[in-house]
Amino acid sequence: MAIERTLSIIKPDAVAKNVIGQIVTRFESAGLKVVAARLTQLSRADAERFYAVHSARPFFKDLVEFMISGPVFVQALEGEGAILKNRDLMGATDPKKADKGTIRADFADSIDANAVHGSDAPETAAVEIAFFFPEINVYSR
């Protein structure tokens, strides 16, 4: 597998539970390296821009409200097969359907408050990382 970068967001529900360190430890233990990170409060405009791909969906308004409800911990992760590895660690979007031991099974409350976000493809990862960390050259490898 190739060395990749992916975006990971620890969402407001997980930040409020004070489990940032536990989640980051799972990424690091799986061989992913944190190459950029910051705690931030998204503005409504930023949340709407970041999730614009979902703007026509019925859950868009609730998603934006949730993402601006508290701080988020945003990180760029790097490693072999980082995108798939991150998604496997996160588990299914619905925590009730997530495999035992995944981040969402252990820390998420609902399909809406599901603890984490992760890029789904290399192209998405490049756009998402540049959104939060424009100073990182995602093609530096």
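Keep in mind that what you see is a predicted model, and the values were worked out from it rather than measured.

Regarding the UniProt feature "binding site: ATP" (unreviewed entry) in the chain
Here's step 1: UniProt annotation of "binding site: ATP" (unreviewed entry) refers to Lys-11, Phe-59, Arg-87, Thr-93, Arg-104 and Asn-114 when read in the numbering used here.
Here's step 2: When you line up the elements, Lys-11 lands in the loop between strand S1 (3–10) and helix H1 (12–16).
Here's step 3: Since its relative accessible area comes to 6%, Lys-11 is described here as buried.
Here's step 4: In this structure, Lys-11 is in contact with Tyr-51, Phe-66, Met-67, Pro-71, Val-72, Asn-114, Ala-115, Val-116 and His-117, ignoring residues within four places of it in sequence.
Here's step 5: Mapped onto the fold, Arg-104 is located in helix H6 (residues 103–107).

Description of the UniProt feature "active site" (unreviewed entry) in the chain
Here's step 1: Under the local residue numbering, the UniProt record ascribes the feature "active site" (unreviewed entry) to His-117.
Here's step 2: Take His-117: it is sitting in strand S4 (residues 116–118).
Here's step 3: Classification of His-117 as buried rests on a relative accessible area of 13%.
Here's step 4: Contacts of His-117, omitting those with residues within four sequence positions, involve Leu-7, Ser-8, Ile-9, Lys-11, Phe-50, Tyr-51, Met-90, Arg-104 and Glu-128.

What counts and what doesn't
- Residues numbered from 1 in each chain as written.
- Predicted model: local features only at pLDDT ≥ 70, side-chain atom pairs only at ≥ 80, totals over all residues.
- Heavy atoms only, no water.
- UniProt positions renumbered as here; feature names shortened; annotations may be inferred.
- Helix = DSSP H or I, 4+ residues; strand = E, 2+ residues; numbered from the N terminus.
- Buried < 20%, exposed > 50% of the residue type's maximum accessible area, 1.4 Å probe, protein only.
- Contact = heavy atoms within 4.5 Å.

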